[in-house]
Amino acid sequence: MKGRDAGRAVQGGRLAAIRRRLVFAGQLLFTLAVAAFLVVPAFLSILAGVTSNYFVGIRSGVTLQWVAQVLSLYGDTILRSLVIALATLAATLVVGVPAAYALHLRGGRLARVIEEVITLPLAIPGLAIALALLLTYGGMAEFRRSWLFILVGHVVFTLPFMVRSVIAVLAAIDVKLLDESAASLGASAWRRFRDVIVPNARAGILAGSLMVVTLSLGEFNLTWMLHTPLTKTLPVGLADSYASMRLEIASAYTLVFFVMIVPLLVAMQWIAGRGRPDGERG
Amino acid sequence: MNAHHGVAVSVEACAKTFADGTRALEAITLTIARGETVVLLGPSGCGKTTLLRIIAGLEQPDRGGRVLFDGEDVTAVPIERRKVGMVFQNYALFPNMNVADNIAYGLRIRGMPREERDARVAELVKLTGIEGLEHRRIDQLSGGQRQRVALARAVAPRPRVLLLDEPLTALDAALRERLRGELNRLLRMLGITTVYVTHDQAEAMVLGDRVVVMRRGAIAQVGTPREIYFSPANPFVAEFVGAANILEGHGTGDALVLPGGRLPLAAGARGGPLVVMIRPEAIRLVAAAGAALAGEVESVSFVGDRLRVTVQGIAARALVVDAPNTAAVKPGDRVGLAVPPEAVRVLADAPP
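Calculation rules
Residues numbered from 1 in each chain as written. Chains lettered and ligands numbered in written order. Predicted model: local features only at pLDDT ≥ 70, side-chain atom pairs only at ≥ 80, totals over all residues. Helix = DSSP H or I, 4+ residues; strand = E, 2+ residues; numbered from the N terminus. Rg over C-alpha atoms; globule rule 2.2 N^0.38 Å. Buried ≥ 20, exposed ≤ 12 C-beta atoms within 10 Å, placed from the backbone. Contact = placed C-beta atoms within 7 Å. Pairing = 2+ DSSP bridges. Axes fitted to C-alpha atoms, helices over the stretch in contact; angles between N-to-C directions. Nonpolar A, V, L, I, M, F, W, Y, C, P; charged D, E, K, R; others polar. pLDDT = per-residue confidence, 0-100. Expected span 1.5 Å × (residues − 1).

(A) Quick peek at the overall build of chain A. If you tally the helices and strands in chain A, you get 12 helices and 2 strands. Helices and strands in chain A line up, N terminus first, as α-β-β-α-α-α-α-α-α-α-α-α-α-α. Over its C-alpha trace chain A gives a radius of gyration of 26 Å, far above what one expects of a compact globule, namely 19 Å for 282 residues. Judged by the C-alpha coordinates and their principal axes, chain A covers about 90 × 65 × 30 Å. By residue count, 33% of the 282 residues in chain A fall in the buried class. Sequence separation of at least 24 residues holds for 75% of the intrachain contacts in chain A that already meet a minimum separation of 6.

Written out as structure tokens, the structure is:
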């Protein structure tokens, strides 16, 4: 009696183990399939960028000539995108970080309203923002023709990301108390900001900065409306190349874009992971 | 360290109404002598922290209120130029600096040269007993260590007034008691004018040269720890600074007539309706026969160093008595109470 029960239990245990393994295998397969669905097109696109003749296939040989062509044809858009991204970063740092500090410290209804207004561009389609900028400043020909016009669009679009991410960090560290204690030691508002607030909000500022640079580099909607033939950015140039160039060149262009943006995304993930509260920091 | 640093602090008619209309503080006037330690004591919401923040310069008093340091009007001077030292409830140490840099921050702001700064930090590290922790990060410190760093940081620039906002509240009970003694020794040694906010009456008794008991934004009583304990001005103070029996009855000049007997009063007491206060440790349990007051034991709690006994049938509320921990009493016993007349304090106000 007892022996049989034990035997049945052992058998049941084995069955459960097999079932667990099957379930795991199924889940793994499903995950890999989803990942492949996302990764394969990107991989094919990159492959196309280094294939001599895409219509013949990879048999035709591997080459960097398309990448070289992209750099010669569109080098200016890459450089311009970088300049705009860095300028956007500078502007959002100079405006966004003190704004976040002031909004957080002040609090109350007015601060909330201002925060909402800053965040508004997230809810409005980029095309609409671009249209508004064109209607308002389109008449200033010099400004309209320069890359600064695009910069303004990018700052409007990315500022909420910087402000939000800094405010989130400030809320987590009880910045008011730190500010008051620095003040009690004789520090002026500027020194408090420099010595205590900024260093303690570093994680948020860094995360916001990476976000701003990434968004600015990849921004298309706004930029497409705002650009002139002489102020194309990388994504606008990419659309242009898809429309009017060989597929290999467009693909090589995508490859260049990948190489620029992926390290930023990885860095963003890394910082987000580090900023998460863990056991040691409480 | 030489005694008596700091300034005399005068608070003149300082009231505080917040933007939403909440009245946090009635017009308060208070003078704190040079080198004196004054404790602001009261329940939460009594305005003690608001008063401290007004002295610090973190809050502005309502129109008409003034804060004077040695006679100089500092009402309009912002905190960063008031030269005060402050210890906050959660210490507010800077997480981006190590212990030594935290302590040195106020000195750096004042532009003190590096060697002098290092010497001062070393002196304070020694004084507060945190040697060896200078290069620790703040999140590597225990609560007690943080409290010491916060104190060292606040006194490093030799402030004119030291302000402490419930500096021991964040700690557990045993540590709190130990640090209370340590803090007392330090404050005496520094001899600096100190304003200390707490809701803990034991802290107030130990640390204060004078205690300001506050209630609902007003001062209920100002006095030495002994004065407020033995001669509370009203029932609120009596009950806030320790256990107290508040009795109402009819005075006959030499005694108070109660349902359970006659309580002898010191000579010169008023006649008519009276409210009196007796501390539990001033009452002695005696045999019921022949006692001036007699009642029935309601409950007995063993507290360790004493028994806390409640006796009913003497006044409207049961009386609380502290008896020796060896006393043989049990609920239901008939007991008599002996109270020396000088331990009976006649109160001015009616109970709340």
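The discussion continues.
(B) Geometry of the sheet that holds strand β8 (residues 194-198) of chain B. Residue and element names in this part refer to chain B. Read from one edge to the other, the open sheet built from 6 strands follows the order β6-β7-β8-β3-β9-β10, with strand pairing classed as mixed. On the outer flanks of this sheet lie β6 (84-87) and β10 (218-223), each paired with one strand and no other. Along the sheet, successive strands turn relative to each other by an average axial angle of 20 degrees, direction set aside. In the sheet, strand β9 (residues 210-215) pairs with β10 via 5 bridges, with the strands oriented antiparallel. Each residue of the ladder has a partner; that of Met214, found in β10, is Ile219.

(C) Local environment of the interface of chain B and chain A. With 19 residues of chain B in contact, the opposing surface of chain A contributes 15 residues. Mapped onto the side of chain B that touches chain A, the elements with two or more residues apiece are β6 and α2 (99-109) of chain B. Residues belonging to the side of chain B that touches chain A are distributed by class as follows: 12 nonpolar, 4 polar and 3 charged.

(D) Examining the sheet that holds strand β2 (residues 23-32) of chain B more closely. Residues and elements named next belong to chain B. With antiparallel pairing, 4 strands are arranged side by side in an open sheet as β2-β1-β4-β5. Only two strands of the sheet have a single neighbouring strand rather than two, namely β2 and β5 (72-73). Judged from the 4 bridges that link them, strand β1 (residues 9-17) and strand β4 (residues 66-69) form a sheet pairing that is antiparallel. Residue pairing for β4: Val9 is matched across the bridge by Phe69. Where helix α1 (residues 48-56) meets the sheet, its contacts fall on β1, β2 and β4, and the angle it forms with β1 comes to roughly 120 degrees.

(E) Molecular detail of the confidence of the model for chain A. Residues and elements named next belong to chain A. Looking at chain A, the pLDDT average stands at 84 and 94% of residues meet or exceed 70. Averaged pLDDT values over the elements of chain A bottom out at 76 in strand β2 (residues 57-62) and peak at 91 in helix α7 (residues 175-184). For residues 277-282, every residue scores under 50 in pLDDT, and the model assigns this stretch 2 contacts once sequence neighbours within four places are set aside.

(F) Representation of unusual backbone geometry within the structure. Residue and element names in this part refer to chain B. If you check the backbone angles, Glu166 has positive phi at about 45 degrees while not being a glycine. If you check the backbone angles, Arg216 has positive phi at about 45 degrees while not being a glycine. For Arg216, the position within the fold is in the loop between β9 and β10. C-beta crowding within 10 Å serves as the criterion here: with 15 such atoms nearby, Arg216 is assigned to the partly exposed category.

(G) Helix α5 (residues 173-190) of chain B, seen in detail. Residues and elements named next belong to chain B. For α5, with 18 residues, the first-to-last C-alpha span of 25 Å sits near the 26 Å given by 1.5 Å per residue. As for α5, its buried residues are in contact with β3 (37-41), α4 (143-155), β8 and α6 (201-207). Gly191 sits one or two positions beyond α5 and adopts a positive phi of about 65 degrees.

(H) Spotlight on the confidence of the model for chain B. Residues of chain B with pLDDT of at least 70 account for 98%, and the chain-wide mean is 90. If you check the scores for this complex, the pTM reads 0.76 and the ipTM reads 0.83.

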